[in-house]
Amino acid sequence: MKKIAVYTSGGDSPGMNACVRAVVRTGIYHDLDVYSIKYGYDGIINGNISKMESHSVSNILQRGGTILKSARSNEFRTKEGRKKAYDQLTKHGIDGLVAIGGDGTFTGAKVFYEEFGIPVVGCPGTIDNDIYGTDYTIGFDTAVNTALEAIDKIRDTAAAHDRVFFVEVMGRDSGYIAVECAIGGGAEVVMVPETITTSKQVSDYLKNLRESKTSSIVVVAEGDEEGDAATIMAKVKSEFVGEEEKKFKVTTLGHIQRGGSPTAKDRLLGSRSGLAAVEGLLNGKFNCMAGIINDQVVYTPFDDCINKNKPLNKDYLRLQEILSI
Ligand code: F6P
């Protein structure tokens, strides 16, 4: 292997830049030519490919977002699109790829490897922490801390006005962000897609708390089966009357969770995973992701990363519930 390329794809996450930097510098350290691809799979198709030097990744470690940009490519979902991508890589003589992203990114990489034999190793980049084969994903820790900071602020105003706030955090299919910031923020209730909690249960619970607490926080993962935070809040609110009904508010944190300077944990994870991906390619580990489990690098086949479920730690849910009384 002489020439490799790196790209970021899907939703960006803080720490992706640390990972890009690690890929570029590890590649150069091992005498490889390293290229960057901008805009993910669209960038491969369109030949948005350029040579990287060590200094190309200077001063990016501390920045959120991704210097390589990101996109969700529809064209790459087609065989014709992937053939165009293969032709571009052949033209540039690229014989290995590092894909930084989530399960959508790895699904694309897996199909591409199976059809055209281009070796790919992935790095887990998503704030959702929903990828099998790694304890944490790059960006999750930063997103949790961003959400937590917001919840602390909401708590102040909730307490001042004796209000109940429904705070929606990201996590399309997973409650990782919700659970960790519910514990850290001392939320009274957390609602996640992995468990069923009805609006009626929430309103009953909040009514019971009335004697002991004048304000409450309900953290809702955006993918919760009961709906988004505004919908759930409306249902819960309808169970209250008079002055109590006026206590309910909703805040959707949204994309602020995707940005910001990565925490030390995310910089470290991005750096370790980037290095491991390049050395994986050099050691013949293809079609897999370089994750970290129990502080050790582990290569997990894309098939497992995509298809195996990474369950929420039930101890966390229990902890939140016990401490919210
Ligand atoms: O997968 C990461 C994520 O931030 C999810 O938590 C969220 O549902 C989704 O991306 C939002 O995607 P977009 O930025 O395309 O709206």
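Each chain carries its own residue numbering, running from 1 in the written order of its sequence. Local features in a predicted model are, by the rule used here, given only for residues with pLDDT of at least 70; side-chain atom pairs are given and counted only at 80 or more, and totals for whole chains, interfaces and linings are based on all residues. Hydrogens and water are ignored here; the side-chain numbers use all heavy atoms of the structure.

1. Here's the deal with the domain arrangement of the protein
Short version of the rule: The start and end points of each domain follow an automatic or database-based domain assignment. Any pair of residues with heavy atoms lying within 4.5 Å of one another is described as a contacting pair. Salt bridge criterion: a side-chain nitrogen from Lys or Arg within 4 Å of a carboxyl oxygen from Asp or Glu. Any pair of nitrogen or oxygen atoms within 3.5 Å is treated as a polar contact; in protein, a donor-acceptor pairing is required on top of that, and neighbouring residues in sequence qualify only through side-chain atoms on both sides.
We note that the domain assignment places domain 1 (3-139 + 262-307) and domain 2 (142-258) within the protein. Between the C-alpha centres of domain 1 and domain 2 there is a distance of 35 Å. Contacts between the two partners involve 14 residues from domain 1, matched on the other side by 12 residues from domain 2. Asp12 serves as the salt-bridge partner of Arg258, at 2.8 Å between the closest nitrogen and oxygen. Where domain 1 meets domain 2, there are 6 residue pairs in polar contact (both at pLDDT 80 or more).

2. Regarding helix α7 (residues 199-209)
Stated formally: For every residue, the accessible area (1.4 Å probe, protein chains only) is compared with the maximum for its type, and the residue is labelled buried under 20%, exposed over 50%, or partly exposed between those bounds. Numbering of helices and strands runs from the N terminus; a helix is a DSSP stretch of H or I covering at least four residues, while a strand is a stretch of E covering at least two. What the arc describes is the spread of directions from the helix axis to the C-beta atoms.
Those residues of α7 that sit buried are Ser199, Val202, Ser203, Leu206 and Leu209. For α7, the angular spread of the buried residues around the axis is 120°, confining them to a single face.

3. A closer look at the sheet that holds strand β7 (residues 189-191)
Condition: Here, a strand pair is defined by DSSP locating no fewer than two bridges between the strands. Whenever a helix is involved, its axis is fitted only over the stretch in contact; in every case the axis is a line through C-alpha atoms, and angles between N-to-C directions fall within 0 to 180 degrees.
Overall, parallel pairing links the 4 strands, which are arranged β7-β8-β6-β9 in an open sheet. Of all the strands in the sheet, just β7 and β9 (248-252) have a single pairing partner and so form its edges. Recorded for the sheet is a direction-independent mean angle of 20° between the axes of neighbouring strands. Relative to strand β8 (residues 216-221), β7 runs parallel, the two sharing 3 bridges. Paired with Met191 across the two strands is Val220, which belongs to β8. Helix-sheet contacts for helix α6 (residues 176-185) involve β6 (164-169), β7 and β8, and the interaxial angle to β8 is about 160°.

4. What to know about the packing of helix α3 (residues 79-92) against helix α4 (residues 103-116)
Quick note on the threshold: Orientation is classified from the angle alone, with under 35 degrees giving roughly parallel, over 145 giving roughly antiparallel, 65 to 115 giving roughly perpendicular, and any other angle giving oblique. As a working rule, the residues Ala, Val, Leu, Ile, Met, Phe, Trp, Tyr, Cys and Pro are called nonpolar, Asp, Glu, Lys and Arg charged, and the rest polar, with Gly in that last group.
Contact pair α3 / α4: the axes reach a minimum separation of 11 Å and the direction vectors enclose 70°. Of the possible angle classes, the one that applies to α3 and α4 is roughly perpendicular. Across the interface between the two elements, Lys79, Arg82, Lys83, Ala85, Tyr86 and Leu89 of α3 pack against Val111, Phe112, Glu115 and Phe116 of α4. Its residues placed into classes, the contact of α3 with α4 shows 6 nonpolar, no polar and 4 charged.

5. Focus on the site of the ligand
Worth spelling out the cut-off: The cutoff for a nearby residue is simple: one of its non-hydrogen atoms must lie within 4 Å of the molecule or strand. Computed by Shrake-Rupley with a 1.4 Å probe, the accessible areas treat only the displayed protein chains as cover when residues are assessed.
The local shell around the ligand consists of Arg72, Thr126, Ile127, Asp128, Met170, Gly171, Arg172, Glu222, His255 and Arg258. Residue Asp128 places a side-chain N or O atom 2.7 Å away from an oxygen atom belonging to the ligand. Residue Glu222 places a side-chain N or O atom 2.5 Å away from an oxygen atom belonging to the ligand. When the ligand is considered free in solution it has 400 Å² of accessible area, and contact with the protein chains removes 76% of it. Classifying every residue of the shell around the ligand gives 2 nonpolar, 3 polar and 5 charged. In terms of domain composition, the shell around the ligand takes at least three residues from each of domain 1 (3-139 + 262-307) and domain 2 (142-258).

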